[in-house]
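If you want the building blocks of each chain, they are given just below.
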Amino acid sequence: MTSALQLEGLGKSFGHFRALHDISLDLQQGEFLTMLGPSGSGKTTTLQLIAGFLQPDRGRLLMKGRDIAGIPAHRRNIGMVFQDYALFPHMTALDNVAFPLESRGIGKLERRRRAEEMLGVVNLGHLLDRYPRQLSGGQKQRVALARALVYDPEVVLLDEPLGALDKKLRTSMQLEILRITRRFGATVISVTHDQEEALVMSDRIALFSQGALAQVGTPKELYAKPANAFVADFVGESNLLPAELTRAGGEAVVKGDGWLAKLPVDRLAVGLADGQVTLMVRPEALRLSAGDASPVAQRPNSIEATVKQVVYLGSALRVHAQLPNGSIIQIAVPDVRSLSFVPETTVRASWDADDVVILQA
Amino acid sequence: MTVFVSNTPLRDAGINRLRPRTPDGWFLLLLPTLAFLFLVFLYPLLYIVGRSFPDYSLANYERIFATTLYARVIVSTFKTALIVTAACLLMGYAYAYALVRSRGVALAILSISLLLPFWVSVLLRTFAWLVLLQDTGLVNQMLIGLGLTDAPISLIRNQFGVVVGMSNILLPYMVLPLVAVMRGIDPNLMRAATISGASPLRSFFRVYLPLTLPGILSGTVLTMTLSLGFYITPAVLGGSGNVMIAQLIADQINQQVNFAFSSALAVALIIFSSVAFGAFALLLSVSKKKVAGA
């Protein structure tokens, strides 16, 4: 595996505002990486540095081992799909897709053939002569993708590619983009603030927070082993409970307000010290049973709560329950027929020791 | 067939109910404006056309075409207007681009520089150019002082002076439509062209320029129309060699008191301008298709 793109300690400031600090990433050939994060976290700035629309203040940018700092955007051979597609309104779909080939001095017949073929791949072979204003959002998206892929770029950048589409179309376009980019073996960097999109599409996710990388890993790693509370909160839904950690022999004891968790010490992250911590447990890792008011010490890995609200989601139920200290936890109940959890009843939510993550407070 | 016929009105009625219906009464609100336009614009125009044919004779028009002086003035009017429009387009395009791209103080300076002279009377500005460009004026003094020339260069009483004066006055009419169109262009389009591998030059000619064509068209038509009827500036800054048609019309009214002939000159100007604009619009729509289809 060769790395298609390397970011080494990239930094960028706008005036006194440090938009990015010390971003290092290594992108493999053919990999689909998603840069995820809330708005203003630096993911778009990173994308613009890679595209060449901005110049980094610090760090290096290597494409196949070659420093591309001095190479202007139009010679970087990078493809890009813009959030609003940025199709040329005065050109047909075919001319839009042929434009990058035209810029590369490819003859008229050849570029027409290749643009037609590419539009065929994105299933728009029948709309070659349409102007962008005559295309639907999803169709524009396909033309933009075809234009970004037709010249076999080193890296394809997707800037919030599905942001402008409605939910249903978004789901089908996610799979469609994957199918098309995989077919060309393209190396892709996608930017999004939609964590679900990131989980579905990515080989790896780079999660940004306040201009720095919070965690880089596979969707599974980010979901199951978040490095900190920010990651746990941003990727998927989670219940975060403040607690105190003590180690006793091979066992870690996590004591919270009215509950107790026990887990093997080797489940703790390296370097995690005893003292204030946060216990993270996903809503779907919690099981509900009737409340029994048993002493805390007798029932480790569970917590008693009062049901406040039951939300019907169609395929599942979502129970919001209040802890004795007032905070709310969420529990996913897969069986929609289990209607026994009515508001104001006391329930016990329990978890397996394997399903919790202890995070730095 | 009968089914379709009976269905259609029902469906139409349904659609109409959804759409806010425009009551015919609203049209009445336009009446004052229409009456005003008719009284002060359309009626006088028709009156002038009528006056140009005294006793239904074409004599006045024959005179225009038979006399080389008038033909020369018409040609020279169009030539001056074309040069001024071209000068405004070249300067105005760059100016509009700079204005659209700038922010903060730069934007304020560019906007004020453009609009402030707009509020100063044309007469005043024309005389200001006279002061600047005359043989003993600032420009000639500077050229002599720098040793670039020994004797003053004639900068007024010729076409140069007229073009400078008129371009200065007409520049905003070119810049403002261009700014309006340029502001509407998605900046990502230029980025899309760049990332697609287009050099800055290609991005400009294949993407930016075609998208600004509507602004070029309206700016050009506006500037050209205004230039063709210019009176004060050519009168003050021009010489006998570059009289413009408006001066001839004024002369016919003020000196010769020949309303019929001046009306004919005015109608001739309208006709020539319309033909010129028609040809221009045609040319532009053809070139637009060419750019889009390349």
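The text that follows walks through the structure, step by step, so that each part is easy to find. Remember, predicted model here, so these are calculated numbers, not experimental data. (Residues numbered from 1 in each chain as written. Chains lettered and ligands numbered in written order. Predicted model: local features only at pLDDT ≥ 70, side-chain atom pairs only at ≥ 80, totals over all residues. Heavy atoms only, no water.)

Structural notes on the overall build of chain A
And then number 1: The helix and strand tally for chain A stands at 8 helices and 20 strands.
And then number 2: The dimensions of chain A, computed from C-alpha atoms along their principal axes, are 80 × 45 × 40 Å.
And then number 3: Scored against the burial criterion, the 361 residues of chain A give a buried share of 52%.
And then number 4: Long-range pairs, those at least 24 residues apart, make up 66% of the contacts in chain A with a sequence separation of at least 6.
And then number 5: Surface accessibility of chain A: about 16000 Å² in total, with carbon and sulfur atoms responsible for 51%. (Helix = DSSP H or I, 4+ residues; strand = E, 2+ residues; numbered from the N terminus. Buried < 20%, exposed > 50% of the residue type's maximum accessible area, 1.4 Å probe, protein only. Contact = heavy atoms within 4.5 Å. Areas by Shrake-Rupley, 256 points an atom, 1.4 Å probe, with all protein chains shown as cover.)

Digging into the packing of helix α9 (residues 187-195) of chain B against helix α10 (residues 200-228) of chain B
Residues and elements named next belong to chain B.
And then number 1: Following both chains from N to C, one finds α9 and α10 inclined at 160°, their axes separated by 10 Å at the closest point. As the angle between them shows, α9 and α10 are arranged roughly antiparallel. As α9 runs across α10, the sense of the crossing is right-handed. Only S203, F204, V207, Y208 and L211 of α10 make contact with α9, whose side of the interface consists of L189, M190, A193 and T194.
And then number 2: A per-class count over the contact of α9 with α10 returns 7 nonpolar, 2 polar and no charged. (Axes fitted to C-alpha atoms, helices over the stretch in contact; angles between N-to-C directions. Parallel < 35°, antiparallel > 145°, perpendicular 65-115°, else oblique. Left-handed = near helix turned anticlockwise from the far one by under 90°. Nonpolar A, V, L, I, M, F, W, Y, C, P; charged D, E, K, R; others polar.)

Some remarks on the sheet that holds strand β5 (residues 66-67) of chain A
All names here are of chain A.
And then number 1: Strand order in this open sheet of 4 strands is β2-β1-β4-β5, and the pairing throughout is antiparallel. Two strands bound the open sheet, and with one partner strand each, they are β2 (17-28) and β5.
And then number 2: When strand β4 (residues 58-63) meets β5, the two strands line up antiparallel, connected through 2 bridges. By the bridge assignment, M63 is partnered in β5 with R66.
And then number 3: Relative to strand β1 (residues 3-14), helix α1 (residues 43-51) is tilted by about 120°, and along the sheet it contacts β1, β2 and β4. (Pairing = 2+ DSSP bridges.)

Quick word on the interface of chain B and chain A
And then number 1: At the junction of the two partners, chain B supplies 21 residues and chain A supplies 23 residues.
And then number 2: In total, chain B and chain A occlude about 2100 Å² of area from one another, counting both sides; carbon and sulfur atoms represent 60% of this.
And then number 3: The shortest N-O distance in the salt bridge between E102 of chain A and R202 of chain B comes to 3.2 Å.
And then number 4: At the surface where chain B touches chain A, the tally comes to 5 residue pairs in polar contact (both at pLDDT 80 or more).
And then number 5: Listed by contribution, the elements that provide at least two residues to the side of chain B that touches chain A are α9, α10 and α13 (259-293) of chain B.
And then number 6: Grouping the constituent residues of the side of chain B that touches chain A by class yields 11 nonpolar, 6 polar and 4 charged. (Buried area = accessible area lost by both parts, 1.4 Å probe. Salt bridge = Lys/Arg side-chain N within 4 Å of Asp/Glu carboxyl O. Polar contact = N/O pair within 3.5 Å; in protein donor to acceptor, adjacent residues only side chain to side chain.)

So, the pattern of salt bridges
All names here are of chain A.
And then number 1: Tallying each qualifying case throughout the model produces 19 salt bridges over all chains.
And then number 2: E154 is the salt-bridge partner of K64, the closest N and O atoms lying 3.0 Å from each other. With a gap of 90 residues between them, K64 in the loop between β4 and β5 and E154 in the loop between α4 (137-149) and β7 (155-159) connect regions that are remote in the sequence.
And then number 3: Salt-bridge contacts for D352 lead to R287; the nearest nitrogen and oxygen are separated by 3.5 Å. Of this pair, D352 sits in the loop between β19 (346-350) and β20 (356-360) while R287 is found in strand β15 (residues 287-290), placing the two residues 65 residues apart along the sequence.

Quick word on the packing of α4 of chain A against helix α5 (residues 167-183) of chain A
A pair of packed helices can be characterised by two numbers: the angle between their axes and the separation between those axes.
All names here are of chain A.
And then number 1: Where α4 contacts α5, the axes come no closer than 12 Å and their chain directions differ by 20°. Looking at the two axes, α4 sits roughly parallel to α5. Here the hand of the crossing between α4 and α5 comes out right-handed. Contacts between α4 and α5 pair G138, Q141, R142, L145 and L149 from the former with L169, M173, E176, I177 and I180 from the latter.
And then number 2: Taken together, the residues that form the contact of α4 with α5 break down as 6 nonpolar, 2 polar and 2 charged.

Observations concerning unusual backbone geometry
All names here are of chain A.
And then number 1: A positive phi angle, close to 55°, is found at D22, a residue other than glycine.
And then number 2: Among the structural elements, D22 can be located in strand β2.
And then number 3: Positioned with a positive phi, N301 is a non-glycine residue whose angle comes to about 60°.
And then number 4: Structurally, N301 is set in the loop between β15 and β16 (302-312).
And then number 5: Judged by relative accessible area, which is 14%, N301 ranks as buried.

Topic: the packing of aromatic side chains
And then number 1: What the rule picks out here adds up to 14 aromatic pairs over all chains.
And then number 2: Measuring from ring centre to ring centre gives 6.3 Å for F65 of chain B and F272 of chain B, while their planes differ by 65°; the resulting arrangement is edge-to-face. Linking F65 of chain B in helix α3 (residues 59-66) with F272 of chain B in helix α13, this pair joins segments that are 207 residues apart in sequence.
And then number 3: Take F272 of chain B: its relative accessible area is 29%, and that puts it in the partly exposed class.
And then number 4: Members of the aromatic cluster, connected to one another through ring pairs, are Y93, Y97, F204, F205 and Y208 of chain B.
And then number 5: For R282 of chain A, the ring lying beneath its charged end belongs to Y223 of chain A, and the centroid distance is 3.9 Å. (Phe/Tyr/Trp six-rings, centres within 6.5 Å; stacked < 30°, edge-to-face > 60°. Lys NZ or Arg CZ within 6 Å of the ring centre and 35° of its normal.)

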